[in-house]
Amino acid sequence: MSNELEGKVALVTGASSGIGEATAVALGRAGASVVVAARRVDRLAALERRLAAEGVRVLALELDVTDEAACRAAVARTAEEFGGLDVLVNNAGVMLLGDIEGADTTDWTRMVSTNLLGVMFLTHAALPHLLDRRGTVVQMSSTAARVGRAGTGVYNATKVGLNAFSESLRQEVTARGVRVVVVEPGVVETELREHITDPAGRAAVEQRIAELRQLDPEDVAEAVLYAVRQPDHVAVNEIMVRPTGQTW
Ligand code: NDP
């Protein structure tokens, strides 16, 4: 285990699977104390055991990021347990694809509440700590913030919104030492697509990626680590990483 991030405290949302889990592992192995947060506590408990066995200081926290009070409590608990917060990874997200016409609008509420409002609540709660420790916020955006397409409109809207929010945040806090990092992955092999409720929306994405060698979650975790391990005067503000075979 390298100790590059020794003394740093990271809070990773959506750490029960996929990119969040891989990122928590990478940060922990680099020496950070890690708080892993999500709704599926059984998955978090397994991750907690795995990291603790490697000597990582880790705490699992049940968190639904759509609940503002729970976001505040998660940040407070992190600071209480580990003495502060240096790295907030806003990774929790859902991608409930489908056409706008005839959509189940509860999918829209879930996406906006999770991908946008959840990030905003957590960022707001974490900011005093991040300003105090000249910390870093990592926003898990997507190539969907750059390229809109039929059948993905609301997901696109949440990620475009996330980028806009992040750029405002960057301008507000960067001169005070807080770095804002927007990570925009292309297609990553995770559970994300399994939660799509619209069969046509799910079929369209499955068809689009059928032949693609997707990124592994660890590939994205490496990108996060690259940004987080930079010296204080270097702000990596945006990283886009696609599978080589992804043409869109
Ligand atoms: P996963 O489905 O594997 O992970 C999503 C994570 O978000 C899970 O840990 C889930 O945990 C958590 N989550 C969902 N809703 C909530 C909630 N309300 N409160 C707290 N946690 C929540 O997919 P990925 O790893 O792929 O997704 C992670 C991020 O990466 C997302 O923001 C996604 O948009 C982004 N992304 C993914 C890409 C891909 O191709 N996979 C490409 C570009 C970006 P739980 O259910 O336990 O709460």
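Shown above is the structure to which this text applies.
Residues numbered from 1 in each chain as written. Predicted model: local features only at pLDDT ≥ 70, side-chain atom pairs only at ≥ 80, totals over all residues. Heavy atoms only, no water.

1. What about the packing of helix α3 (residues 68–82) against helix α4 (residues 105–133)?
Item 1. One way to put it is that α3 packs onto α4 with a least axis distance of 9 Å and a crossing angle of 35°. Two packed elements cross with a definite hand, and for α3 against α4 that hand is right-handed. Here E68, C71, R72, V75 and A79 of α3 lie close against α4, whose contacting residues are G118, F121, L122, H124, A125, A126 and H129.
Item 2. Looking at the contact of α3 with α4 residue by residue, the classes come out as seven nonpolar, three polar and two charged. (Axes fitted to C-alpha atoms, helices over the stretch in contact; angles between N-to-C directions. Helix = DSSP H or I, 4+ residues; strand = E, 2+ residues; numbered from the N terminus. Left-handed = near helix turned anticlockwise from the far one by under 90°. Contact = heavy atoms within 4.5 Å. Nonpolar A, V, L, I, M, F, W, Y, C, P; charged D, E, K, R; others polar.)

2. Looking at the site of the ligand
Item 1. Neighbouring the ligand are 29 residues; S16, R39, Y155, V188 and T190 lie closest to it.
Item 2. Between the ligand and the protein, one listed contact pairs an oxygen atom with a backbone N or O atom of N91 at 2.8 Å.
Item 3. One of the side-chain nitrogen or oxygen atoms of Y155 is found 2.6 Å away from an oxygen atom of the ligand.
Item 4. Burial of the ligand by the protein chains amounts to 96% of its free accessible area of 880 Å².
Item 5. Put simply, the parts of the chain that give the shell around the ligand at least two residues each are α1 (18–29) and α5 (153–173).
Item 6. For the shell around the ligand, the class distribution of residues is twelve nonpolar, twelve polar and five charged. (Near = heavy atom within 4 Å. Polar contact = N/O pair within 3.5 Å; in protein donor to acceptor, adjacent residues only side chain to side chain. Areas by Shrake-Rupley, 256 points an atom, 1.4 Å probe, with all protein chains shown as cover.)

3. Regarding the side chain of R179
Item 1. Positionally, R179 belongs in strand β6 (residues 179–185).
Item 2. Overall, the relative accessible area of 8% leaves R179 in the buried class.
Item 3. Of the polar contacts made by the side chain of R179, one reaches the backbone oxygen of Q230; its length is 3.3 Å.
Item 4. A polar side-chain atom of R179 sits 2.7 Å from the main-chain carbonyl oxygen of V234.
Item 5. Excluding its chain neighbours within four sequence positions, the residues that come into contact with R179 are G135, T136, V137, V228, Q230, P231, D232, V234 and A235. (Buried < 20%, exposed > 50% of the residue type's maximum accessible area, 1.4 Å probe, protein only.)

4. What to know about the sheet that holds strand β3 (residues 58–62)
Item 1. A sheet is described by the order of its strands in space; here seven strands give the open sequence β3-β2-β1-β4-β5-β6-β7, paired in parallel fashion. Looking at which strands have only one partner, the edges of the open sheet turn out to be β3 and β7 (238–241). Each strand of the sheet is rotated relative to its neighbour by a mean of 15°, with strand direction disregarded.
Item 2. Taken strand by strand, helix α2 (residues 41–53) contacts β2 (33–38) and β3, and its axis lies near 175° from that of β3. (Pairing = 2+ DSSP bridges.)

5. Section: the nonpolar core
Item 1. The biggest cluster of nonpolar side chains holds 38 residues, and the ones touching the most others in it are L27, V34, V36 and V138.
Item 2. Element by element, the count of residues in this core is highest for helix α7 (residues 217–228), at seven residues.
Item 3. Excluding residues within four positions of it along the chain, L27 makes contact with L5, A10, V12, A32, V34, V89, L225 and V228.
Item 4. Membership of the second largest hydrophobic core comes to 26 residues, among which are L61, A74, V75 and V137. (Core = buried A, V, L, I, M, F, W, Y, C linked by side-chain atoms within 4.5 Å.)

6. Considerations on the packing of α1 against α2
Item 1. Remark: α1 packs on α2, axes separated minimally by 11 Å, with the N-to-C direction vectors making an angle of 20°. When the interaxial angle is binned, α1 and α2 end up roughly parallel. In this structure, α1 crosses over α2, and the sense of that crossing is right-handed. Contact residues: α1 offers E21, A24 and V25, while α2 offers L47, R50 and L51.
Item 2. Broken down by class, the residue content of the contact of α1 with α2 amounts to four nonpolar, no polar and two charged. (Parallel < 35°, antiparallel > 145°, perpendicular 65-115°, else oblique.)

7. Quick word on α4
Item 1. The end-to-end C-alpha distance of α4 is 40 Å, a good match for the 42 Å that 29 residues give at a rise of 1.5 Å each.
Item 2. Its axis deflected by about 45° at L127, α4 carries its strongest bend there, up to four residues before the proline P128.
Item 3. The positive-phi residue at the C-terminal boundary of α4 is R134, with phi of around 50°. (Expected span 1.5 Å × (residues − 1). Bend = angle between axes of the 7 residues up to and from the residue.)

8. A short note on α3
Item 1. In this model α3 runs 21 Å from its N-terminal to its C-terminal C-alpha over 15 residues, within 8% of the 21 Å that 1.5 Å per residue would give.
Item 2. For α3, the complete set of buried residues consists of C71, A74, V75, T78, A79 and F82. Seen end-on, α3 carries its buried residues on one side only, within an arc spanning 130°. Exposed and oriented more than 90 degrees from the buried face of α3 are A69 and E80.
Item 3. In this structure, the buried side of α3 is in contact with β1 (9–13), β2, β3 and α4.
Item 4. For α3, the side-chain oxygen to backbone nitrogen distance between the N-cap and A69 is 3.1 Å, and the N-cap itself is D67.
Item 5. Of the residues one or two after α3, G83 is the one with positive phi, at around 90°. (Arc of directions from axis to C-beta.)

It is worth stressing that arrangement in space is one thing and function is another; only the former is reported here.
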